[in-house]
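Residue strings, one per chain:
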Amino acid sequence: MPVKKVEYLDVLTKTGDKTGISKPRGDVHRDGDYHRAVHVWIFSESTEELLLQLRVDCCLWDISSAGHVSAGESSLISAMRELQEELGITLPKDAFELIYVSIQNRTYKGTFNNEYDDVYLVTIIDPIPLEAFTLQESTVSAVKYMSFEEYRRVLAQKDPDYLPLANDEYGQQLFTIIEKRYKENAEARSLTIEKQLNRYASISLSAELTGLTAADKEALTLLVKAAAIMDEIFCLQVWYSNPSLRDWLNEHADKSQLDKLKRMYYVINKSPWSSLDENEAFLTTADSAVKLLPKATKSVSGWNGLEYRTTFPSMKPPGASFYPSDMDKMEFNLWKDSLPEDQQKEAIGFFNVIRRHNESFLENMISHKTENSSSSLHDLYVVPYSQEYYSLLSEASTLLRSAGDMASSTSLKRLLYGKADAFLSNDYYDSDIAWMELDSKLDVTIGPYETYEDALFGYKATFEAFIGVRDDEATVQVKLFGDHLQVLEKSLPMDNIYKSENVTAAPIRVIQLLYNAGDVKGPQTVAFNLPNDEQMVKDRGTSMVMLKNVSEAKFKLILRPIADVCIMKEQLELVDFESFFTHTICHECCHGIGPHTITLPNGQKSTVRLELQELHSSLEEAKADIVGLWALKFLMDKDLLPKSLAKSMYVSFLAGCFRSVRFGLEEAHGKGQALQFNYLLEKGTFVLHPDETFAVDFEKVEDSVASLSREILTIQARGDKEAARTLLRKYSVMTPPLKCALEKLETVQVPVDIVPDFPIANQILRDIN
């Protein structure tokens, strides 16, 4: 007689994280350990029916499919496996939508079932013919379809033929999600999306090309095409089914006014989640692409096969597509800590994704069960970007190399050749140095840089591109800031022990933007300070690019109208573009000073990014803002800037607070700005008047700015994550004064941001296509 295999389950904490321990299934239930299971619901869109199975063990009708998550197995793979084993349905991962997690706490005949149930919804277009199923005889004796409304009724009546759901809330969540998706009025939804779209002001951005050589103009065509590939990669980085959603919306934009609006708002956000609404989904899986799988089940005469909707979660995944969707922080850290030191550094590196070994079974649906407790720590592994996005990066590399052959500037040639090599080698160090040393009329930034999309840890970089024409006159004017970085570092309002002796002056380039692509969704940046790699910052410092035409557009269309509504009349004339743009420059410069590589209290070397993880981006943006304000006053006191700017810079900064907070408190800049506004309001530096306008108390502002600068810089220098969390929780909130100001701006419909159109680049792309 064959020995029955013992199924092991991963033991979870009470909050649902992996502990790194696994035990036999019987022991888990005996001891009341928390563990994970999957529930899969199949919903037919055209008939609004749910698929139910008749369970052999209890002779009751139950959900479509369910089972435990075995040790070392991922939730998604378990869902796929259970569906294949119980019903004979083989589906890819983009068919499974994790709609919520339900917690069970039950006691039955001396055993305990403390279970986290990952609840998946598979949306098919039409019912699968009953004869297409292959039922697991030991588990399922029959299947049937039932209207979700009828199913809700029989559960409410406690019909004895139907197995009760895990808890009352479980069923209500499921039924509410389905009802909302398919009962919503199209006209009302169109009005909602129109309102969201109206928060953006459209503007055409261009630049004079007369300063470019004929060779550079030829190179520009190839660069725009390479930049467009960054959009393709970023689309994948956001979520794995994002490209199919984008293509579906493009194909169906002419079907109705609602379809047109959905596509328009998707183009702004580059995902189904609205950047200005705390990443709330404005689309559902019911809006997504339909795919046909002829061989997902047994073939049935006259039936072409299963059609399903590609899915995306309603809550934006904090790890985007950089990590497995069901991976938690504890699992990652347990795995990382088990690696040799060099591999640990790779795991938290900028230029790779984390995948599961088990994911290799996804497409072929090979059943995979773990028989020991060791595999759960070793299921994850690293895949470099050069491998993960090989086909796209290979194409972009070829384009950059060809553009380098044409470019007239030696430094531009070096940059383009370097990036072309980096895309294939995954080593960006030399190409980033070439970018920092770029001295060319045609200005190019392309590659993986920002880490905002990785809200889980802030480790992984997204691809982006900015192409512009250098503004020589403005570039000369801003050189002052880069030349005084070391002086600013030595004078920072923090203890001297934390200050660096070797701050490299940041080269600053001002450009007129011709085109951007990749990670430039939602609110548009007015400047960027790169690279983000702490080792590079330590070795070579940073470089900054200012987008002057973007800044001018934002000041004219957004900041000035905000000031008219929110700033006290007597201080209104102090809001000007020079102050706004000067602070923007100083903000970017101040990313390059302050703590980066740090020594922890125990003497260990680390970086601010590694210690603060997902809190780093918000606190770093707040630091650059408030220290930038401190630095401007410092430079004025040294007679390096005109003192006449002082009052204007503070009032322009106040107006700018409202602009940035409107990006949402889930976005790093918005969260960082809320921190500063609420802190300065608490100190009496910002004053709310009875007429609901705001003003700056010039007697208090200097001390308050220095005080907040010291607090943030010290938190960063100590790598104190708890102190960072406390500060952000206290001040990065929607306080009544902030809410009052934002409601006034909503009433008069001041745009929140701009949507740029790039006529030169668009013509190039049209000619190529």
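Not measured: the values here are computed from a predicted model. (Residues numbered from 1 in each chain as written. Predicted model: local features only at pLDDT ≥ 70, side-chain atom pairs only at ≥ 80, totals over all residues. Heavy atoms only, no water.)

## Side note on the overall build of the protein chain
What the protein chain contains, in helices and strands, is 28 helices and 26 strands. Relative to the compact-globule value of 27 Å for 769 residues, the protein chain shows a C-alpha radius of gyration of 28 Å, a close match. Expressed as lengths along the three principal axes of its C-alpha atoms, the size of the protein chain is roughly 90 × 55 × 55 Å. A buried classification covers 60% of the 769 residues belonging to the protein chain. With the model as given, the accessible surface of the protein chain reaches about 31400 Å², and the carbon-plus-sulfur share is 51%. For the protein chain, the distance from the average position of its 82 positive side-chain charges to the average position of its 114 negative side-chain charges is 1 Å. (Helix = DSSP H or I, 4+ residues; strand = E, 2+ residues; numbered from the N terminus. Rg over C-alpha atoms; globule rule 2.2 N^0.38 Å. Buried < 20%, exposed > 50% of the residue type's maximum accessible area, 1.4 Å probe, protein only. Areas by Shrake-Rupley, 256 points an atom, 1.4 Å probe, with all protein chains shown as cover. Lys, Arg positive; Asp, Glu negative; His and termini not counted. Charge placed at Lys NZ, Arg CZ, Asp CG, Glu CD.)

## Observations concerning the nonpolar core
Judged by nonpolar contacts, the single largest core of 167 residues is most densely connected at Phe 332, Phe 481 and Phe 658. With 27 residues, the next largest nonpolar core counts Leu 83, Leu 87, Leu 91 and Leu 306 among its residues. (Core = buried A, V, L, I, M, F, W, Y, C linked by side-chain atoms within 4.5 Å.)

## Overview of the sheet that holds strand E20 (residues 527–530)
Taken together, five strands build an open sheet; the order of strands is E17-E18-E19-E21-E20 and the sheet is mixed. What marks the edges here is a single partner per strand, and that holds for strand E17 (442–448) and E20. Looking at each pair of strands side by side, their axes are set apart by 35 degrees on average, direction ignored. The pairing of strand E19 (residues 508–518) with strand E21 (residues 543–547) spans four bridges and is classified as parallel. (Pairing = 2+ DSSP bridges. Axes fitted to C-alpha atoms, helices over the stretch in contact; angles between N-to-C directions.)

## Focus on the pattern of salt bridges
What the rule picks out here adds up to 55 salt bridges. One salt bridge connects Asp 287 with Lys 262, and the closest N-O pair in it is separated by 2.9 Å. Here Lys 262 lies in helix H8 (residues 257–269) and Asp 287 lies in the loop between strand E12 (280–281) and strand E13 (290–293), a separation of 25 residues in the sequence. Per residue, the accessibility class of Asp 287 equals that of Lys 262, and both read buried. Each of Asp 10, Lys 18, Asp 326, Glu 331, Arg 356 and Asp 379 takes part in salt bridges that share partners, so that together they form one network. (Salt bridge = Lys/Arg side-chain N within 4 Å of Asp/Glu carboxyl O.)

## A closer look at the pairing of strand E15 (residues 352–356)
For E15, a buried count of five out of five residues is recorded, marking the element as mostly surrounded by other parts of the structure. The two faces of E15 match: Asn 352, Ile 354 and Arg 356 on one face and Val 353 and Arg 355 on the other face are all buried.

## Here's the deal with the pairing of strand E6 (residues 65–68)
A regular strand places its side chains on the two faces of the sheet in alternate fashion. Of the two faces of E6, the one holding Ser 65 and Gly 67 and the one holding Ala 66 and His 68 are both buried throughout. In the sheet, strand E3 (residues 34–44) pairs with E6 via four bridges, with the strands oriented antiparallel. If you follow Val 40 over to E6, its bridge partner there is Ser 65.

## Quick word on helix H9 (residues 329–337)
The set of residues buried in H9 consists of Glu 331, Phe 332, Trp 335 and Lys 336. Projected down its long axis, H9 carries its buried residues within an arc of 130 degrees, all on one side. On its buried face, H9 is in contact with strand E2 (18–24), helix H10 (341–347), E15 and strand E16 (380–384). The N-cap residue of H9 is Asp 328: its side-chain oxygen and the backbone nitrogen of Met 330 are 3.1 Å apart. (Arc of directions from axis to C-beta. Contact = heavy atoms within 4.5 Å. Polar contact = N/O pair within 3.5 Å; in protein donor to acceptor, adjacent residues only side chain to side chain.)

## Thoughts on the environment of Thr 584
For Thr 584, the position within the fold is in helix H20 (residues 577–590). Distance in space between the C-alpha atoms of Thr 584 and Asn 502 is 24 Å, their sequence separation being 82 residues. Contact partners of Thr 584, with chain neighbours within four places excluded, come to Val 526, Ala 527 and Met 546. Among the polar contacts listed, one links the side chain of Thr 584 to the backbone oxygen of Phe 580, at a separation of 2.8 Å.

## Side note on the confidence of the model for the protein chain
Overall, the prediction assigns the protein chain a mean pLDDT of 92, with 96% of residues at 70 or greater. Counting contacts from residues 365–377, a segment whose pLDDT is below 50, to residues more than four positions away or on other chains yields 34 contacts. (pLDDT = per-residue confidence, 0-100.)

## Topic: the environment of Thr 134
Here Thr 134 shows up in the loop between strand E8 (111–124) and strand E9 (140–147). Here Thr 134 falls in the partly exposed class, since its relative accessible area comes to 38%. For the pair Thr 134 and Gly 88, spaced 46 residues apart in sequence, the C-alpha separation works out to 4.6 Å. With near-sequence residues (within four places) excluded, Thr 134 lies in contact with Glu 86, Leu 87, Gly 88 and Lys 298.

## Quick look at the side chain of Ser 244
Checked against the element boundaries, Ser 244 lands in helix H7 (residues 242–252). Its relative accessible area of 15% is what places Ser 244 among the buried residues. For Ser 244, the residues in contact, after removing those within four places along its chain, are Ala 289, Lys 291 and Thr 310.

## Structural notes on unusual backbone geometry
Trans is the prevailing form of peptide bonds, just as negative phi is the prevailing case for residues other than glycine. In this structure, Pro 531 follows Leu 530 across a cis peptide bond, with omega equal to -5 degrees. With respect to the secondary-structure elements, Pro 531 resides in the loop between E20 and helix H18 (534–540).

## A word on empty space enclosed by the protein
Rolled over the atoms, a probe as big as a water molecule pinpoints where empty space is left. Tallied over the entire structure, the rule returns three cavities of 30 Å³ or more. Estimates place the volume of the second largest cavity at around 50 Å³. What lines the second largest cavity is Phe 350, Phe 351, Asp 432, Pro 448, Tyr 449, Pro 531, Asn 532 and Asp 533. (1 Å grid on protein atoms, 1.4 Å probe; cavity = no way out; pocket = protein on both sides within 12 Å on 5 of 7 lines; lining within 4 Å. Points joined across faces, edges and corners; volume = space filled by probe spheres on them.)

## Notes on the packing of aromatic side chains
Any two aromatic rings considered together are summarised by their centre-to-centre distance and by the angle between their planes. Tallying each qualifying case throughout the model produces 40 aromatic pairs. When the ring of Phe 350 is compared with that of Phe 351, the centres are 5.8 Å apart and the planes differ by 35 degrees; the resulting orientation is tilted. Here Phe 350 matches Phe 351 in class, with each residue buried. An aromatic cluster of at least three residues, connected via ring pairs, comprises Phe 350, Phe 351, Tyr 385, Tyr 389, Phe 423, Tyr 428 and Phe 463. Lying across the ring of Trp 61, Lys 144 places its NZ or CZ 4.5 Å from the centre. (Phe/Tyr/Trp six-rings, centres within 6.5 Å; stacked < 30°, edge-to-face > 60°. Lys NZ or Arg CZ within 6 Å of the ring centre and 35° of its normal.)

## Regarding helix H27 (residues 736–748)
A rise of 1.5 Å per residue sets the reference length of H27, with its 13 residues, at 18 Å; its end C-alpha atoms lie 19 Å apart and thus fit the reference within 8%. Every buried residue belonging to H27 is among Pro 737, Leu 738, Cys 740, Ala 741, Leu 742, Lys 744 and Leu 745, and all of these are buried. As for H27, its buried residues are in contact with helix H19 (548–566), helix H23 (645–661), helix H24 (668–682), strand E24 (686–688) and strand E25 (694–696). (Expected span 1.5 Å × (residues − 1).)

## Remarks on the packing of H19 against H23
At their nearest, the axes of H19 and H23 sit 9 Å apart, and the two run at 105 degrees to each other. When the axes of H19 and H23 are compared, the pair comes out roughly perpendicular. Contact with H19, carried on its side by Lys 554, Ile 558, Leu 559, Ile 562, Ala 563 and Cys 566, involves Ser 652, Ala 655, Gly 656, Phe 658 and Arg 659 of H23 and no other residues of that element. Its residues placed into classes, the contact of H19 with H23 shows seven nonpolar, two polar and two charged. (Parallel < 35°, antiparallel > 145°, perpendicular 65-115°, else oblique. Nonpolar A, V, L, I, M, F, W, Y, C, P; charged D, E, K, R; others polar.)

## Observations regarding the packing of helix H12 (residues 390–406) against helix H13 (residues 410–425)
Following both chains from N to C, one finds H12 and H13 inclined at 160 degrees, their axes separated by 8 Å at the closest point. One way to sum up the angle between H12 and H13 is to call them roughly antiparallel. The handedness of the crossing between H12 and H13 comes out as left-handed. Contacts between H12 and H13 involve Tyr 390, Leu 393, Ser 394, Ala 396, Ser 397, Leu 400, Arg 401, Ala 403, Gly 404, Asp 405 and Met 406 on the former and, on the latter, Lys 413, Leu 416, Tyr 417, Lys 419, Ala 420, Asp 421, Phe 423 and Leu 424. Looking at the contact of H12 with H13 residue by residue, the class counts come to eleven nonpolar, three polar and five charged. (Left-handed = near helix turned anticlockwise from the far one by under 90°.)

## Remarks on a negative patch on the surface
The grouping of Glu 570, Asp 691, Glu 692 and Glu 743 at the surface amounts to a negative patch. Examined against the element boundaries, Asp 691 turns out to sit in the loop between E24 and E25. (Patch = residues over 30% accessible without salt bridge, like charges linked within 9 Å, V, L, I, M, F, W, Y side chains within 5 Å.)

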